Amino acid sequence: MVWIVVFVVLALAALVLYLVAPARGRRDLRRPFSGRNYAHRGLFGRDQRPPENSLPAFTAAAQAGYGMELDVQFTKDRQLVVFHDDSLDRMTGTHGWVRDFDCEAVRAMPLAGSGEHAPLFRELLETVGGRTPLIVEIKSRSEYSGAYLDELCRATLDALRDYPGPYCIESFDPRVGHRIRKMAPGVLRGQLVDSCRSYRREGANFVYAYAVSHCLCNFWGRPDFIAWCPDRENWAVRLCRRLGAMMVMWTALPEHDTAALEQRYDAVIFQWYRPGARY
């Protein structure tokens, strides 16, 4: 009986390691991204002047020497725009999903009442011009089909192919990491992770919330880095750290102990304050 118990425990431990383990090594890919602060959606203020994910916000971040984190998604006519929310409501005042409007319509909507508009992804890349590393989040939803995600990931990679600076790709959706791993194995990839209670607060069932918050889908994409929220790290995130994952923090705010975050994490995505570009 004892040996059966030992066998079961070891088998479960092996299964957990298989599910949670990040990619190993690849230090040359990580190096350009480590020890940097990344402006979340560009360098923008609480008053949205300039607005988040706008060309002036990205220009300001690049001029300050910051890396930057940004979000890409498809419009109805399959154009890549830089826009964070799934819906247009908060930033434009128009009700509806970004994916349900043609690119021309989305780009005609002022961001936060300003004179700025959502840029095309290629415009952002041209504006930054390789001056700084990019962390590109591919926005995804559970209802997206496999074919839709294939096209979204492929379009993002195609747009980045000629970017002259370092770039990596992250997503909350493990299916995106899986696709990037297959389509572009030489690109640094990351898994965005939120806390279980955050997923539950958004309406996710417990099984899903626990699985994604505890990195149990890492086997699919084998992420190089884990991008973790301000909450206390759970056991799985700590295990990823011990197994050698690059650790990224999102999103550091002025009220956080930002110096401690820079000591603990390989890279920090920040908002609403101005840290040093490197640490």
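Since the model is a prediction, treat every value here as computed from it, not as a measurement.

A. Quick peek at helix 3 (residues 55-63). Three or more residues of helix 3 are buried, namely Ala57, Phe58, Ala61 and Ala62. Angularly, the buried residues of helix 3 cover 130° about the axis, an arc narrow enough to put them on a single face. Here the buried face of helix 3 lies against strand 1 (36-40), strand 2 (67-74), strand 3 (80-82) and helix 6 (121-128). Just beyond helix 3, the residue with positive phi is Gly65, at close to 85°.

B. Structural view of helix 10 (residues 206-213). Among all positions in helix 10, only Ala209, Ala211, Val212 and Ser213 are buried. Packing partners of the buried residues in helix 10 comprise strand 6 (189-193), helix 9 (196-201), strand 7 (225-228) and helix 12 (235-242). Where helix 10 begins, the side chain of Asn205 points an oxygen toward the backbone nitrogen of Val207, at a separation of 3.2 Å. Two residues or fewer after helix 10 comes Cys215, characterised by a positive phi angle close to 60°.

C. Here's a closer look at the environment of Tyr210. One can find Tyr210 in helix 10. Placed 167 residues apart in sequence, Tyr210 and Leu43 show a C-alpha to C-alpha distance of 33 Å.

D. Up close: the nonpolar core. Residues Leu70, Phe121, Leu124 and Leu134 are the most contacted members of the largest nonpolar core, which totals 63 residues. Dropping the residues within four chain positions of it, Leu70 is found in contact with Asn53, Phe58, Val82, Phe121, Leu124, Leu134, Ile135, Val136 and Glu137. Counting residues in hydrophobic clusters, the runner-up holds eleven residues, among them Phe83, Cys103, Val106 and Leu111.

E. The arrangement of the packing of aromatic side chains in detail. Applying the stated criterion across every chain, the model contains nine aromatic pairs. On the basis of an interplanar angle of 55° and a centroid distance of 4.7 Å, the ring pair of Tyr144 and Tyr148 is categorised as tilted. For the pair Tyr144 and Tyr148, one class covers both residues: buried. Each residue in the set Tyr66, Phe270 and Tyr273 is aromatic and connected to the rest through ring pairs, giving one cluster. The positively charged end of Arg99 is found above the aromatic ring belonging to Trp97, 4.7 Å away from the centroid. For Arg241, the ring lying beneath its charged end belongs to Tyr265, and the centroid distance is 5.2 Å.

F. Molecular detail of the pairing of strand 7. Residues Phe225 and Ala227 line one face of strand 7 and the alternating positions Ile226 and Trp228 line the opposite face, and both faces are buried. Of the pairings in the sheet, the one linking strand 6 to strand 7 comprises four bridges and is parallel in character. Directly across from Gln191, in strand 7, lies its bridge partner Ile226. Both strand 7 and strand 8 (residues 246-252) contribute to a ladder of four bridges, which runs parallel. Each bridged residue has a counterpart across the sheet, and for Trp228 the counterpart in strand 8 is Met249. Taken together, strand 7, helix 12 and strand 8 form a β-α-β motif whose crossover is right-handed.

Calculation criteria
Position numbers for residues start from 1 in each chain and track the written sequence from start to end. With pLDDT at 70 or above as the cut-off, local features in this predicted model cover only qualifying residues; side-chain atom pairs require 80 or more to be listed or tallied, and sums for whole chains, interfaces and linings still use all residues. Side-chain measures were taken over the full set of non-hydrogen atoms in the model, leaving aside hydrogen atoms and water. Summary of the burial criterion: residues with accessible area below 20% of their type's maximum are buried, those above 50% are exposed, and those between are partly exposed, where the area comes from a 1.4 Å probe applied to protein chains only. Secondary structure elements follow DSSP: runs of H or I no shorter than four residues count as helices, runs of E no shorter than two count as strands, and numbering proceeds from the N terminus. For this quantity, the arc is that covered by the directions from the helix axis to the C-beta atoms. Here a residue-residue contact requires only that any non-hydrogen atoms of the pair lie within 4.5 Å. Each polar contact in these results corresponds to two N or O atoms within 3.5 Å; when the atoms are within protein, one needs to be able to donate a hydrogen and the other to accept it, and residues that are neighboring in sequence are counted only if both atoms are side-chain atoms. For this analysis, a nonpolar core means a set of buried residues of the types Ala, Val, Leu, Ile, Met, Phe, Trp, Tyr and Cys, connected via side-chain atoms within 4.5 Å. Each pair of aromatic rings taken from Phe, Tyr and Trp, with Trp reduced to its six-membered ring, is defined by centres within 6.5 Å and is described as stacked if the planes are under 30 degrees apart, edge-to-face if over 60, and tilted in the remaining cases. For a ring to carry a charge above it, either NZ of a lysine or CZ of an arginine must fall within 6 Å of the ring centroid while also lying within 35 degrees of the normal to the ring plane. Two strands qualify as a pair provided DSSP detects at least 2 bridges between them. Whether a crossover is right-handed comes down to one check: with the strands pointing away from the viewer, does the path from the first strand over the helix to the second run clockwise; if it does, it is right-handed.

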